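Take a look at the letters that make up each chain.
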Amino acid sequence: MTLTEGHLLEIGQSSASARFDALATLFDPMTLRHIEDFGIGLGWRCWEVGAGGRSLVPWLAKKVGPTGKVVATDVDTSWVTTLARPPIEVRVHDVAAQEPPGERFDLVHARLVLSHVPDPERALRSMIKALRPGGRLLVEETDLGLQPLVCPDECGPEEQLANRLRKGMGRLLAGRGIDVAHGRRLPRLLREFGLRRVEAGTHFPMATPACAALESVTIERLRDQLIAAGYASERAIDRHLANIAVGTMDLAAVPMVSAWGRKP
Ligand SMILES: C[S@@+](CC[C@H](N)C(=O)[O-])C[C@H]1O[C@@H](n2cnc3c(N)ncnc32)[C@H](O)[C@@H]1O
């Protein structure tokens, strides 16, 4: 590995770590509340799909205790591999292409995973197949169309620039075939796939340091693509990042839709 490759890898890793941290701060409280409401307890068997970072898996493990099980899967398990000790089992697994890692789970949870897979409906069917009768599925995805502004209070030039860049980001993702309106479809899909007692809710954090952290890391990740696609200039991106650092803009995260249901 050259110095440059190593450096890029480091940047990539610290950016991924900052992204997982911001996602955890913004969305874990809501996710955990839903799972608490399902009645999670000792002995439960859980499948955390596309586990990503390190926050949810240890929490689930504590809840299910030594008699339970938490299977944490991802195509890239590098962030969770050190957690692999009973009741946690870590597996490299592609939810869109492989059979589920077991059956009769009490809970299957996937947050921000379906929008990354080429065939989200196949992935959903696989998750439902893995549930025991009466088991719960909780899937969570953002929906940029529900609230497309990063600064809903567009009160000045900084906020206008932020919203222009957010619009460019939406067009960039849509142009790549990424479904930016996935969240709203989740309850219907869960019903169509046979789940009962389907419900959904939306969480929309705003004006918190984690919103700013997530925006910075997202813009940095997409910087080259936004410029190449002609949606932003290098200068505009630098200005936006500097504006975020000042800390006076009320930034919003993309709304997260959580949908859940039970297998009959
Ligand atoms: C945006 S991150 C979300 C991580 C975590 N679920 C969270 O909410 O913090 C998306 C995760 O999905 C994983 N992923 C992407 N495609 C996948 C697939 N086909 N099967 C399993 N995991 C996948 C990625 O490796 C990444 O860890």
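Under an unreviewed UniProt entry, the protein chain has the name Methyltransferase domain-containing protein and belongs to Streptomyces cadmiisoli.

**Concerning the site of the ligand**
Close to the ligand lie 16 residues; G50, D74, D94, V95 and R111 are nearest. With respect to the ligand, the side chain of D94 contributes an N or O atom lying 2.7 Å from a nitrogen atom. Within the side chain of R111, a nitrogen or oxygen atom sits 2.7 Å from an oxygen atom of the ligand. In the complex, 89% of the free accessible area of the ligand, which totals 590 Å², lies under the protein chains. For the shell around the ligand, the leading source of residues is helix α1 (residues 3-38), giving three residues. Looking at side-chain class alone, the shell around the ligand contains eight nonpolar, four polar and four charged residues.

**Re helix α6 (residues 209-228)**
Its 20 residues give α6 an end-to-end C-alpha distance of 29 Å, which sits within 8% of 28 Å, the value for a rise of 1.5 Å per residue. Of all bends in α6, the biggest is about 55 degrees, found at L222. The complete set of buried residues in α6 reads A210, C211, A212, L214, E215, V217, T218, I219, L222, R223 and L226. Looking at the residues trailing α6, positive phi occurs at G230, about 80 degrees.

**Observations concerning the pattern of salt bridges**
Across all of its chains, the model carries twelve salt bridges by this definition. Note that E99 and K129 form a salt bridge whose closest N and O atoms lie 2.5 Å from each other. Placement of E99 in the loop between β3 (88-92) and β4 (105-111) and of K129 in helix α3 (residues 120-129) is noted, with a sequence separation of 30 residues between them. The exposure class of K129 is partly exposed, given its relative accessible area of 40%.

**Quick notes on the sheet that holds β3**
If you trace the seven strands from one edge of the open sheet to the other, you get β3-β2-β1-β4-β5-β7-β6, paired in mixed fashion. Whereas interior strands pair on both sides, the edge strands pair on one side only; in this sheet they are β3 and β6 (196-203). The mean angle between the axes of side-by-side strands here comes to 15 degrees, regardless of whether they run parallel or antiparallel. On top of the sheet, helix α2 (residues 56-64) reaches β1 (45-49), β2 (69-74), β3 and β4; it is set at about 165 degrees to β2, its chief contact.

**Section: the nonpolar core**
Within the largest apolar cluster, 31 residues are counted, with the highest numbers of intra-cluster contacts made by L26, F27, L226, I237 and L251. Looking at this core, the elements that each hand over two or more residues are α1, α4 (157-175), α6 and α7 (234-246). For this core, the leading source of residues is α6, giving eight residues. When neighbours within four sequence positions are excluded, L26 is seen to be in contact with H203, P205, T208, A210, C211, L214 and A253. One finds F105, V113, L124 and I128 within the second-largest nonpolar core, a separate group that totals 26 residues.

**What to know about unusual backbone geometry**
Cis rather than trans, the peptide bond between P86 and P87 has omega equal to 10 degrees. Here P87 lies in the loop between β2 and β3. In the Ramachandran plot, R104 falls in the positive-phi region, its phi being about 65 degrees despite a non-glycine side chain. Within the fold, R104 resides in the loop between β3 and β4. Of note in the backbone geometry, A207 takes a positive phi value of approximately 55 degrees without being a glycine. Among the secondary structure elements, A207 is positioned in the loop between β6 and α6.

Conventions adopted
- Residues numbered from 1 in each chain as written.
- Predicted model: local features only at pLDDT ≥ 70, side-chain atom pairs only at ≥ 80, totals over all residues.
- Heavy atoms only, no water.
- Near = heavy atom within 4 Å.
- Polar contact = N/O pair within 3.5 Å; in protein donor to acceptor, adjacent residues only side chain to side chain.
- Areas by Shrake-Rupley, 256 points an atom, 1.4 Å probe, with all protein chains shown as cover.
- Helix = DSSP H or I, 4+ residues; strand = E, 2+ residues; numbered from the N terminus.
- Nonpolar A, V, L, I, M, F, W, Y, C, P; charged D, E, K, R; others polar.
- Expected span 1.5 Å × (residues − 1).
- Bend = angle between axes of the 7 residues up to and from the residue.
- Buried < 20%, exposed > 50% of the residue type's maximum accessible area, 1.4 Å probe, protein only.
- Salt bridge = Lys/Arg side-chain N within 4 Å of Asp/Glu carboxyl O.
- Pairing = 2+ DSSP bridges.
- Axes fitted to C-alpha atoms, helices over the stretch in contact; angles between N-to-C directions.
- Contact = heavy atoms within 4.5 Å.
- Core = buried A, V, L, I, M, F, W, Y, C linked by side-chain atoms within 4.5 Å.

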